[in-house]
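Descriptive structure summary
Each chain, written out:
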Amino acid sequence: MRFYDTLSGSIIEFRPMHKNRINIFVCGPTVYDDFHIGHARTYIFFDTIVKFMRSIGYSVFYLQNITDIDDKIIKRASEENTTPEYIADKYFKEYLRIMSELGVDSVNYYAKATLYIDEIISQIKRMIDKGYAYETSDGVYFEVKKFKDYGQLSKQNLDNIIENARGILNEDKKNPEDFVLWKKMKPGEPYWESPWGKGRPGWHIEDTAITETYFGDEYDIHGGGSDLIFPHHEAEIAQMRSISNKKYLAHYWIHTGMININSEKMSKSLKNYITIKDVLKDYTPNELRFAVLNANFNKSIEFSRDSLNEAREALSRIINTYRKLENIELENGDYKIDYNYIIKKYIDIMSDNFDTRSLIKEIMGLVAEINKNIDNIDKKTALNILKIFDYINSFMNIIPRKRSIDASTINAILNIRSMLRSEKRYDLSDYIRKELEASGLHIEDKNNETQWWIE
RNA sequence: GGAUAGGUGGCAGAGAGGUUAUGCGUGGGACUGCAGAUCCCAUUUACUAGGGUUCAAAUCCCUACCUAUCCUCCA
């Protein structure tokens, strides 16, 4: 398995720290508002690759943090006249709900930042002891210039960062590039006790406290959106490595590309974001997954209704073929496939930089091939092909499960319709078809035979 | 200003020195009572611009221009 690693800046072969075992941490969201398709892209992608890695034999522990204390949460709470805990809890639940709707179910554990205050304090203490952090009137800060590798991940030179640092002016800190580890409480804010008085953790520290708790000071893969590379992930590296003195925090870094709207990054600040909830009003979760996976993970993608519609078209081609295969009853057919060869080819494609886009292209090729030979495929072969689709689906999750329905009733209705058609009573037969389609069935006539499935 | 990606046919988007990408769209055809689904054919020499290297360049080198991202919170 090889993939693009942000730290080395190239596609490199993956070697897990422990044989056949992978520890992966992905930055979760701050829970203060509805989630947008940028979140969807990142979390669908990591869901897919974790499931893929499991499918080829790795035991993967997938850990994700939840930022449940933050300025934005506090702000939102005061706007809505409620408590930060209430906001955090409400949107955490919403996050779980929407992820489950998207079929994102591979995360082993969601770690909420506020449950790791002791670990956070312990890390800050160690940074102070080692001379990397200092206390001021309003908090504890990490002194960036003490950590010489700062900038390595984002490929920036430390002097440059120092020169360009914009630092917030009213903070009492030594240098503008220094970042906060602990914020001392201002009146009315939520707080936890600490050696530096009442306060709350900074944003970067929660992740290293959580990963140290579960994975130790080094682990295999750290993932997240590419907008987190600087300063968030740079800060995480500085924190953990200044304590551990090791060469790595995570051995590999995987960053997902951004979603663009009208060639501009979609973001909260630009207010050009589309929520997942809104997309799901008009498109299925499978269609959204397909749209997002039909691109290289580390490139930005242009998102629009057109791209969703395109995903819908392509996906329905796959699903139609899948349903046709399910309906095959033929005993002997000439068309055969090499199951092992195809599965191996697909695994190779995924193993090369998680190339879901090329994989989709391959599947479309297989679909075309099957359609050309559809009358020559026997039941046994059809089941084999379905197994291939099921394998792909075990990590892509793009083909919806069949809803159960009483087939005998449908068949009875369709038998009546066939009789009507043979008597050329098309007004009635078309009416029946229209009604069945309206209730979500796909109906296809082929000479005297009628195939159907649930859309 | 610094850093990082890029600029490919109507659109989306692979490829990385010599061989048709592919998909969508569009046009035509086959099948069909119609619809749908599917198939076939066509869309007959696309690679930002200018230089260079080479027998050969979309692909390597140089220059210019353009776009996005990061350098503040963000997936």
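The structure under discussion appears in the preceding block.
In this report, we go over the structure that sits alongside the text.

Here is what the cut-offs are and how they apply
Residues numbered from 1 in each chain as written. Chains lettered and ligands numbered in written order. Predicted model: local features only at pLDDT ≥ 70, side-chain atom pairs only at ≥ 80, totals over all residues. Heavy atoms only, no water. 1 Å grid on protein atoms, 1.4 Å probe; cavity = no way out; pocket = protein on both sides within 12 Å on 5 of 7 lines; lining within 4 Å. Points joined across faces, edges and corners; volume = space filled by probe spheres on them. Helix = DSSP H or I, 4+ residues; strand = E, 2+ residues; numbered from the N terminus. Domains from an automatic or database assignment. Pairing = 2+ DSSP bridges. Core = buried A, V, L, I, M, F, W, Y, C linked by side-chain atoms within 4.5 Å. Buried < 20%, exposed > 50% of the residue type's maximum accessible area, 1.4 Å probe, protein only. Contact = heavy atoms within 4.5 Å.

**Digging into the layout of surface pockets**
Put simply, the second largest pocket is a space of about 660 Å³. Lys324, Asn327, Ile328, Glu449 and Gln451 are the residues nearest the centre of the second largest pocket, which is lined by 23 residues in total. For the lining of the second largest pocket, the secondary structure elements donating two or more residues are strand S15 (441–446) and strand S16 (449–454). Each of domain 2 (305–396) and domain 3 (407–454) accounts for three or more of the residues forming the lining of the second largest pocket.

**Section: empty space enclosed by the protein**
For the structure on display, the rule yields one cavity of 30 Å³ or more. In terms of lining, the largest cavity is formed by Arg41, Phe45, Thr256, Val292, Leu293, Ala295, Phe297 and Thr356. Of all the elements in the fold, those that place two or more residues in the lining of the largest cavity are helix H1 (37–55) and helix H9 (285–293).

**Description of the pairing of S16**
Each regular strand carries side chains that alternate between the two faces of the sheet. Relative to S16, S15 runs antiparallel, the two being bridged by six bridges. Looking at the pairing, Asp445 lines up with Thr450 of S16.

**A closer look at the nonpolar core**
Of all hydrophobic cores here, the largest spans 90 residues; its most connected members are Leu288, Phe303 and Phe389. Sorting elements by how many residues they give to this core places H1 first, with ten residues. Counting the residues that make up this core, at least three belong to each of domain 1 (2–133 + 142–168 + 200–256) and domain 2 (305–396). Dropping the residues within four chain positions of it, Phe303 is found in contact with Ile37, Ile259, Asn260, Ile261, Leu288, Ala291, Val292 and Leu308. Residues Ala111, Phe142, Ile210 and Ala235 belong to the second largest nonpolar core, which totals 40 residues.

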